[in-house]
Amino acid sequence: MRRRRPLFMMLVCLLLTALAAPVHAAGENADRGGKPGQPTRDPQPPAFAEVSVHDPSIVRHGGTYYVFGSHIEAAKSTDLMNWTRFTNGYTTPGNTLYGDLSANLAGSFAWAGENDADSLGGFAVWAPDVFWNEHFVNEDGTKGAWLIYYSASSTYIRSAIGFAASKHIEGPYTYVDTIVYSGFTRDEAYDANSRVNKKWTNTNLSALVENGVLDGPNPDWFNANGSYNNTQYPNAIDANVFYDKDGRLWMTYGSWSGGIFILELDKQTGRPIYPGEDGTTPDGRMIDRYFGTKIAGGYTKSGEGPYIVYDRETDYYYLYMSYGWLGSDGGYNIRVFRSRRPDGPYVDTLGQNAVLPGNVDHTPYGIKLMGNFLFERRIGEPGEGIGYGYVSPGHNSVYYDKETGKRFLVFHARFPGKGEIHEVRVHQLFLNKKGWPVAAPYRYAGEKLEKVNRQDLIGEYRFINHGKAYSEAIERSGYIRLNPNNTISGDVQGSWKKTGHFDAELTIDGKTYYGVFVKQWDPVSEAWVMTFTAISDEGVAIWGSKLEDRTEAQIVQDIAADLALGDTSGVTGNLNLPTEGTRRARIAWTTSDPGVVTETGVVTRPPAGAEPVSAVLTATITYGPERAVKTFPITVLPRRPATLAAHYAFEGNLDDATESFASGTPIGDRIDSVGGTIGYAEGKIGRAAVFDGASGVRLPNGLIQGDAYSVSVWLKPEQLTMYTTTFFGARNPDNWVSLVPRGPAGGQTMVWSGSAWYDGAAGLTIPTGEWSHLAFTVDGGELVVYVNGEERFRGANFPHVFTVPDAVFALGVNWWDPPYQGLMDELRIYEGALQPYEVAALAGAGG
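Residues numbered from 1 in each chain as written. Predicted model: local features only at pLDDT ≥ 70, side-chain atom pairs only at ≥ 80, totals over all residues. Heavy atoms only, no water.

### Observations concerning the sheet that holds strand S1 (residues 57-61)
The strands making up a sheet associate through hydrogen bonds between their backbones, and the pairing can be parallel or antiparallel. Taken in spatial order, the 4 strands of this open sheet run S1-S2-S3-S4, and their pairing is antiparallel. Of all the strands in the sheet, the pair left with one neighbour each is S1 and strand S4 (84-85). For S1 and strand S2 (residues 64-69), the ladder comprises 5 bridges, and the chain directions are antiparallel. Looking at the pairing, His61 lines up with Thr64 of S2. (Pairing = 2+ DSSP bridges. Helix = DSSP H or I, 4+ residues; strand = E, 2+ residues; numbered from the N terminus.)

Pasting the structure below:
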């Protein structure tokens, strides 16, 4: 439901002099986020243009902001809201940033990142950082260049950081050197699918030893068996380059298990000034002769994407980094520490060192600025959809605008219910009264930190507590009220107050949080709303987003107007009956016939051949003393019998045994590629198709049409790779259904749809080297997933994908992901939904 609030112009009739204004300490005006003054009328609604750049690193040149990210993606904007991509990914030759990619970065690719191990068949160039180095001496003797520090990676530990130079920020960049290697071994060794000898002498270490920079390798780099000691030493990716307050140049870098390190750079060459000797800092942190000084992490714990920025107002260096894993199920979240020195020690609000003391749980360390969250839109609230939130936000950079005093947090984010789609997001950062950054709850829309009226703060808010722990779970908003008497009621209890122009101080459950109040654009309600953001001395962040003031009667009316069950004239699956509306209003249900549909939404369908049946559901909405009733007529359709439409038995060919459809065709590693080879071997029943991990099968178009169908297949995977499909059907690249042995929901076997990002997870992952029977049925909006004849998932509202007569179908490949490797047998496609006993019979037939 959309409901827009009218915008009121506030008339300023009294000009206050600077002497009459409330006093703020130095820096609390411009440098904490803008120059406060009287509240102004709301700006016009903002416009946005989105872009996907993973691991975005921000830099400004003139009036243009640039973000450079992984996979050689980059974009630019003049307002931090509307972005335009200007790169062409891994295209080569003619790469926007590198020209002939293979030839230009050959010095780094000799170690990692091109057609090698995990990058087999392609490239892995990640997480660059770009900055202008006025001191850099170019090959022609001139000074000044844009430098891009990039990562080339082949495994989770074998990587390298190199850099390239250009006179133009948009490139092309010319390779200069590869400066830090990781994943090397004491003796000759090789990774799977790799011809790279990992012995340390095949890195730049040999030259450093030969030139006397290092005495030799550090024995601690290696485990007892000669492998790389990645519990203590870094994965050489995720470089960030910055100047300290004295003009010295530094590079921090590192990812995951071994920790984050920092090296000083020579400003004229751009190369590291290696310490040359091992040692420890005064506070006991490692100094390594080659890798530099450890400033965070270690002991196998997650932590990557370091970014350091000096803030002249506080005289602190702030270290931002991300915990968790970047996927939608990885719980990626942004942490921050600070230090008086560029090389540490970096500590959090509790004084805890960012370098872990041992193999401990690291979730208590660091301020958690942001993690998975959802400002949930409940029934009766303005807008449409589930609400506003992020999944796995992280790998951030920070931009400090010295002219306006604004600070910006720039990162990539995924979104609830949308799988692995990611986009760049920019949020303002503000400094609280203790000098710690707090992140604005909503993306930047041109808002300013300005004086707020106390009266405008009173009311109900959606409330998020980000906590310190992280997982794939999403922190969903609750409700609190900031009362006129400065108490807090609702889901939590406490007190609140405004200090100064905009400072927020909230005490909840005995913990005090310091931050700011700021008006922001809520994209769901499409209105400017009051928000707050604050952190506690324990490093926990809380957010609030103010709701529109409504009376109890209006709230009930809003819920009644918004409450809907979709099309109930032809129901084929269970109904989702909400029991709560906005502000915890209660919704109770009754039914006229529980034999048709129960008060919890469970539907009983008549058998095939019977007539439809009907009932009436009644919703009673209650909030305080107010009450409303709304009824829904329900018609339940009988079941439709399933009939075999196609049968690919793979008996030495790709023919349809029913002769209803044409034969399948071998293709390459993508649904639209040519080539590929399919072999045959002993199967579950007779012969089976052999998929080699580089080929697939294109099935006839139109194999499925409508919203009632079933798929049954036997699989014996040789390996399981994330997102790899076995059976794939699509209306177009944005609307598809995929049977995935290892999917994004915790690696589970699942039916996955990209139309409305639907996860039908089986609660398990089928094994490699064994036959497993998978089947799924779709009947209207109901999806049922079976593994070995047992129902493992049942859900409603499955997307209706096959609405056209020429939908495309394939086995083992799609447009994006690694091809299937293993055996496949007895693929059967049905019109209509199989019954459980029929699926069990198919699973038992191969026994």
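Okay, back to it.
### With respect to the pattern of salt bridges
Think of it this way: side chains of opposite charge can pair up when their charged atoms draw near. Enumeration according to the criterion identifies 40 salt bridges in this entry. We note a salt bridge from Arg583 to Glu460, for which the minimum N-O separation is 3.3 Å. With a gap of 123 residues between them, Arg583 in the loop between helix H4 (552-562) and strand S33 (586-591) and Glu460 in strand S24 (residues 459-465) connect regions that are remote in the sequence. Comparing Arg583 with Glu460 shows no difference in burial state: the two are buried. Arg550 is paired through a salt bridge with Glu548; the nearest N and O atoms lie 4.0 Å apart. Take Arg550: its relative accessible area is 23%, and that puts it in the partly exposed class. Overall, Glu548 belongs to the buried group, its relative accessible area being 19%. What you see here is one network of salt bridges that share partners, running through Glu376, Arg378, Arg476, Asp491, Glu580 and Arg584. (Salt bridge = Lys/Arg side-chain N within 4 Å of Asp/Glu carboxyl O. Buried < 20%, exposed > 50% of the residue type's maximum accessible area, 1.4 Å probe, protein only.)

### Quick notes on the nonpolar core
Grouped together as the largest cluster of nonpolar side chains are 39 residues, with contacts concentrated most on Leu699, Phe727, Phe776, Leu783, Leu811 and Leu827. Of the residues forming this core, the biggest block, 4 residues, is contributed by strand S41 (residues 708-717). When residues no more than four places from it in sequence are discounted, the contact partners of Leu783 are Val751, Tyr758, Gly760, Phe776, Thr777, Val778, Phe793, Arg794, Gly795 and Phe798. (Core = buried A, V, L, I, M, F, W, Y, C linked by side-chain atoms within 4.5 Å. Contact = heavy atoms within 4.5 Å.)

### Things to note about the packing of aromatic side chains
According to the stated counting rule, one finds 63 aromatic pairs in the structure shown. Seen from their ring centres, Tyr228 and Phe291 are 6.5 Å apart, and the 70° between their planes marks the pair as edge-to-face. Of the two residues, Tyr228 is situated in the loop between helix H3 (205-210) and strand S9 (240-243) and Phe291 in the loop between strand S13 (286-288) and strand S14 (292-296); the sequence distance between them amounts to 63 residues. In terms of burial, Tyr228 and Phe291 fall into one category: buried. For the pair Tyr758 and Phe798, a centre-to-centre distance of 5.0 Å together with 80° between the ring planes defines the contact as edge-to-face. (Phe/Tyr/Trp six-rings, centres within 6.5 Å; stacked < 30°, edge-to-face > 60°.)

### Considering the sheet that holds S14
Strand order in the open sheet made by the 6 strands is S9-S10-S11-S14-S13-S12, with antiparallel pairing throughout. Looking along the sheet, the strands with just one partner apiece sit at the ends: S9 and strand S12 (279-280). Sheet analysis places S12 next to S13, joined by 2 bridges and oriented antiparallel. Within the sheet, the bridge partner assigned to Gly279 lies in S13 and is Ile287.

### Focus on the side chain of Asp116
Looking at the secondary structure, you find Asp116 in the loop between helix H2 (106-109) and strand S5 (125-137). Judged by relative accessible area, which is 5%, Asp116 ranks as buried. A distance of 2.5 Å separates a polar atom in the side chain of Asp116 from a polar atom in the side chain of Ser154. Separated by 2.8 Å, the side chains of Asp116 and Arg158 make a polar contact. When near neighbours in sequence (up to four residues on either side) are disregarded, Asp116 contacts Trp111, Ser154, Arg158, Asn193, Ser194, Arg195 and Val196. (Polar contact = N/O pair within 3.5 Å; in protein donor to acceptor, adjacent residues only side chain to side chain.)

### Describing the pairing of strand S26 (residues 478-482)
The element S26 is extensively covered by neighbouring structure, given that 4 of its 5 residues are classed as buried. The sheet contact formed by S24 and S26 spans 5 bridges and is antiparallel. Looking across to S26, one finds that Glu460 is bridged to Arg481. Relative to strand S27 (residues 487-490), S26 runs antiparallel, the two being bridged by 3 bridges. Its bridge partner lying in S27, Leu482 is registered against Ile488. Here S26 folds back onto S27 in antiparallel fashion, the turn holding 4 residues, of which Asn486 has a positive phi close to 70°.

### Topic: helix H5 (residues 836-845)
Listed as buried for H5 are Val839, Leu842 and Ala843. All buried residues of H5 fall inside an arc of 95° around its axis, so they share one side. Residues Tyr837, Ala841 and Ala845 are exposed on H5 and point more than 90 degrees away from its buried face. Buried residues along H5 sit against S41, strand S46 (772-779), strand S47 (782-787) and strand S50 (821-831). (Arc of directions from axis to C-beta.)

### Quick word on the confidence of the model for the protein
The predicted model of the protein averages 93 in pLDDT, with 95% of residues at 70 or higher. Low confidence marks residues 1-38, where pLDDT is under 50. Its contacts with residues over four positions away, or in another chain, come to 81 contacts. (pLDDT = per-residue confidence, 0-100.)

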